[in-house]
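This is what each chain is made of:
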Amino acid sequence: MTGLTVAARQSLDRPIWIILPLALILIVLAVFLGVADLSPAMVLDVLTGHGSENARLIITDIRIPRIATGILAGIHFAVAGLLLQTITRNPLADPSIMGISQGATLAVTIFLFFAVYWFDSDPHKVYQLPVAWLPAVGLFGGLAAGAVIFLLARRHDLGPLRITLCGIAVGAVLHALAMGLIAGWGSARIEIVLQWLSGSLYARSWEHVLFLLPFTVAGLLVLPFLRRSIDLLRFEAPVALSFGFPYRAQFTVVLMIACGLAASAVGVTGPIIFIGLIVPHLARFIAGSRFNLVLPLTLLLGAVIVTAGDLIGRLAGGAEEIPIGVVSAIGGAPILLALLRRIR
Amino acid sequence: MPLSCSGLSVAYGPRLALNAFDLTLGKGEIRVLIGPNGSGKSTALHALAGLIAPSGGEVSVGGRAVASFSRRDLAKRLSFLPQQPAAPDEMTVEQLVRQGRFAHVGLFRSYSARDVEAVRWALDSTGLTGLAERNLRELSGGERQRAWISAALAQEAEILLLDEPTSFLDIGHQVEVLDLICRLSRERRVTIVMAIHDLNQAMSVCDRISLLDKGERVFDGVPADLAASGLIERIFNVRGRFVTIADTRAPHFDVELARH
Ligand SMILES: Nc1ncnc2c1ncn2[C@@H]1O[C@H](COP(=O)(O)OP(=O)(O)O)[C@@H](O)[C@H]1O
Ligand SMILES: [Mg+2]
């Protein structure tokens, strides 16, 4: 009886080994394909240390850092989504329920609003605006919003429902404030904000990779130690506490890690929030009954889907590329609907 | 004295849900809490488990204040199963029961042979060995309840608090759970407090019984004295009488229905 159910279940599980080679092929494709017309031979030349100056610039200073930024951001969004869905016990949770993307948006908006005066630049010239500061400003805004929501929810005992409601309310206010500010503007600042809001990997460089990397490394180093916490945070607090689990402390730790990962990624790419919503569901679907594979799969799929989405956006849009945030929302919505149909 | 409380009061806002509740248990004792819906049984169990801070009084476990324990140390000695806990989706019976070992393994230590054996014993005691690989979602209400009881057993605590462990079980599984509880008390000397609705089951399984009404403890003693007190008819607002079945057994309450 037992043997039979186990065998039946395993035959239903999807093959996982296939994802790794697919991921590698995808990354290779992302390096070889792009708007700038470089033949595969030219790309190979660059990768083996030869090639023209121009080709080398395109590959090592534009394409590869862009792909690397996408991979890191994809991991951040996906893992943050999984952690938030776990601790709020809400299958529709993503970084936006902790107000992270809204906080980051407001911070970026305020920053650009005042930047004109601080940096004494002409607001009609986009590239004179201090865009290099946006990741740090976005990170700060996202973390600040997360902290406010956490503190509000803590006064009411940190229930998952409370934190979700606080997050939605605070997020809505922050978003409205940002929109209000933008509506009052003219000028090129709007273009930057809109580009940022759509979630983009355009012109992301090695600096962005270096900005993200410490968060990725710190997050990935602690994750293995959180496996048991993540299991126990899926229970209601009285049950977890009765098992002897220090619920509040661990809830706080996991929440902080999720906020750090999501806010740093939002700072660099803008809100590509759909990834955080959809990848954990996809990972659970593929993992089937092998629950311990959900976390590694979430990581892998986060990287793969952002890379794939960005490649599609680059190729489909031609010179006017489609931002990854838009691609992931358009492509992700049907996938999400299909996956959610499995939930009762 | 494994578990006791004195003057225990719990308030939700301005309302007292439990007023000056006293309880003293000996090792291996089975204590049953009965009372109408909303009389404070769950509240008393939560307070005994250290899950709500009382507005007055104190709970002590092994002579030490419950508030002075870390959650993990407390869980090694006291295990609590809430009324109708919600199961996370995508979790097998065995995975649930393994969570019961948290107090022993903590956040990082891996499961030892001792832990694996405790999980096996807990599954076996609740007749779930054959269902170990099943997803909790695919179980009947009764099977799921047994899985939760199994998780509480895996904790191997010397005190077990159970909130309505037999509700939603068919009569066969109800008796199975009650037998298991008796065995734990007699063979392992586990001290047990449970809330239960079936009066006759309550009377026959317990050593002593406490009757709650609107947060007040209106009776505390052996089942025969409760039968003699006439309180059941008054508190539950029913008519009936206690009949003796056998000298060695608790009297049986026979309800009188209005249609007779
Ligand atoms: N979390 C809560 N907040 C406010 N009131 C509560 C809460 N839990 C229980 N109560 C109230 O306390 C009283 C006792 O409830 P409870 O202990 O659940 O009773 P029982 O388990 O005997 O049915 C009831 O009047 C109930 O409405
Ligand atoms: Mg109750």
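Model, not experiment: these values are computed from the prediction. (Residues numbered from 1 in each chain as written. Chains lettered and ligands numbered in written order. Predicted model: local features only at pLDDT ≥ 70, side-chain atom pairs only at ≥ 80, totals over all residues. Heavy atoms only, no water.)

Trainee: Is there a simple way to explain the coordination of the magnesium ion (ligand 2) in this structure?
Mentor: All names here are of chain B. Ligation of the magnesium ion (ligand 2) by protein atoms is provided by Ser-42 (OG) and Gln-83 (OE1), these donors lying 2.0 to 2.4 Å from the ion. Placement of Ser-42 in helix H1 (residues 41–48) and of Gln-83 in the loop between strand E6 (78–81) and helix H3 (93–99) is noted, with a sequence separation of 41 residues between them. Judged by relative accessible area, Ser-42 falls into the partly exposed class, the value being 23%. Owing to a relative accessible area of 34%, Gln-83 belongs among the partly exposed residues under this scheme. (Donors = N, O, S within 2.8 Å, 3.2 Å for Na, K, Ca; no water. Helix = DSSP H or I, 4+ residues; strand = E, 2+ residues; numbered from the N terminus. Buried < 20%, exposed > 50% of the residue type's maximum accessible area, 1.4 Å probe, protein only.)

Trainee: Explain the interface of chain A and chain B here, please?
Mentor: How big an interface is tends to be expressed through the accessible area that disappears when the partners come together. The interface is formed by 25 residues belonging to chain A together with 37 residues belonging to chain B. Roughly 2600 Å² is buried in total at the junction of chain A and chain B, and carbon and sulfur atoms are behind 60% of that figure. Taken as a group, Arg-228, Phe-243 and Phe-291 of chain A account for 26% of the area that chain A buries against chain B, more than any other trio of residues on that side. Where chain A touches chain B, the interface holds zero salt bridges. Across the chain A-chain B interface, the total number found is six residue pairs in polar contact (both at pLDDT 80 or more). (Contact = heavy atoms within 4.5 Å. Buried area = accessible area lost by both parts, 1.4 Å probe. Salt bridge = Lys/Arg side-chain N within 4 Å of Asp/Glu carboxyl O. Polar contact = N/O pair within 3.5 Å; in protein donor to acceptor, adjacent residues only side chain to side chain.)

Trainee: Even after reading the chapter, I still don't get the domain arrangement of chain B, so can you show me in this structure?
Mentor: Residue and element names in this part refer to chain B. The domain architecture assigned to chain B consists of domain 1 (1–77 + 157–260) and domain 2 (85–156). Just the C-alpha atoms count here: the centres of domain 1 and domain 2 sit 25 Å apart. Here domain 1 packs against domain 2, burying approximately 1400 Å² in sum over the two surfaces, 61% of which is carbon and sulfur. Ranking the residues of domain 1 by area buried against domain 2 places Arg-72, Leu-180 and Arg-188 at the top, with a combined share of 32%. Across the contact surface, domain 1 and domain 2 share two salt bridges. When the shortest N-O distance is used, the salt bridge between Glu-176 and Arg-146 registers 3.9 Å. Taken together, domain 1 and domain 2 are joined by six residue pairs in polar contact (both at pLDDT 80 or more). Residue assignment for the side of domain 1 that touches domain 2 shows that the elements contributing at least two residues are helix H2 (71–77) and helix H7 (171–187). No other element matches H7, which puts six residues into the side of domain 1 that touches domain 2. Of the residues contributing to the side of domain 1 that touches domain 2, the split by class is nine nonpolar, one polar and seven charged. (Domains from an automatic or database assignment. Nonpolar A, V, L, I, M, F, W, Y, C, P; charged D, E, K, R; others polar.)

Trainee: Just to check I follow, could you spell out the site of ligand 1 for this structure?
Mentor: All names here are of chain B. Taken together, Tyr-12, Arg-15, Ala-17, Pro-36, Asn-37, Gly-38, Ser-39, Gly-40, Lys-41, Ser-42 and Thr-43 make up the full set of residues adjacent to ligand 1. The separation between an oxygen atom of ligand 1 and a polar main-chain atom of Ser-39 is 3.2 Å. Between ligand 1 and Lys-41 there is a distance of 2.9 Å, counted from an oxygen atom to a side-chain nitrogen or oxygen. When ligand 1 is considered free in solution it has 560 Å² of accessible area, and contact with the protein chains removes 61% of it. It is H1 that provides the largest number of residues to the shell around ligand 1, a total of three residues. Classifying every residue of the shell around ligand 1 by side-chain character gives three nonpolar, six polar and two charged. (Near = heavy atom within 4 Å. Areas by Shrake-Rupley, 256 points an atom, 1.4 Å probe, with all protein chains shown as cover.)

Trainee: Would you explain the pattern of salt bridges in this entry?
Mentor: Proximity of charged atoms lets side chains of opposite charge pair with each other. Residue and element names in this part refer to chain B. One pass over the structure, following the stated rule, counts 18 salt bridges over all chains. A salt bridge links Glu-156 to Arg-188; its shortest N-O distance comes to 3.6 Å. Pair noted here: Glu-156 is in the loop between helix H6 (141–154) and strand E7 (159–163) and Arg-188 is in the loop between H7 and strand E8 (191–195), with a separation of 32 residues, a long-range link. With relative accessibility at 41%, the residue Arg-188 sits in the partly exposed group. With a shortest N-O distance of 3.4 Å, Arg-208 and Asp-220 are connected by a salt bridge. Residue Arg-208 is located in strand E9 (residues 208–213), and its partner Asp-220 is located in strand E10 (residues 216–221); the two are separated by 12 residues in the primary sequence.

Trainee: Explain the sheet that holds strand E5 (residues 64–65) of chain B to me, please; I cannot follow it from the model alone.
Mentor: The pairing of strands in a sheet happens through backbone hydrogen bonds and is either parallel or antiparallel. All names here are of chain B. Here we have four strands laid out as an open sheet, ordered E2-E1-E4-E5, and antiparallel in their pairing. Each end of this open sheet is capped by a strand with a single partner; those strands are strand E2 (15–25) and E5. Across the sheet, H1 lies against strand E1 (3–12), E2 and strand E4 (56–61), angled at about 120° from E1, the strand it touches most. (Pairing = 2+ DSSP bridges. Axes fitted to C-alpha atoms, helices over the stretch in contact; angles between N-to-C directions.)

Trainee: Got a minute to help me understand helix H5 (residues 113–125) of chain B in this structure?
Mentor: For an α-helix the count is 3.6 residues per turn, leaving residues at separations of three or four pointing the same way. Residue and element names in this part refer to chain B. A rise of 1.5 Å per residue sets the reference length of H5, with its 13 residues, at 18 Å; its end C-alpha atoms lie 18 Å apart and thus fit the reference within 8%. For H5, the full list of buried residues reads Asp-115, Ala-118, Val-119, Trp-121, Ala-122, Leu-123 and Ser-125. The inward-facing, buried residues of H5 contact H3, helix H4 (102–105), H6 and H7. Of the residues one or two after H5, Gly-127 is the one with positive phi, at around 65°. (Expected span 1.5 Å × (residues − 1).)

Trainee: Teacher, can you tell me more about the pairing of E10 of chain B here?
Mentor: Both E9 of chain B and E10 of chain B contribute to a ladder of five bridges, which runs antiparallel. Bridge pairing in E10 of chain B places Asp-213 of chain B opposite Glu-216 of chain B.

Trainee: Honestly, the pairing of E2 of chain B in this entry has me stumped. Any pointers?
Mentor: On any regular strand, side chains alternate: one points to one face of the sheet, the next to the other face. Residues and elements named next belong to chain B. Of the pairings in the sheet, the one linking E1 to E2 comprises seven bridges and is antiparallel in character. By the bridge assignment for E2, Val-10 is matched with Leu-18. From the end of E1 to the start of E2, which pair antiparallel, there are two residues, and Gly-13 there has a positive phi angle of about 65°.

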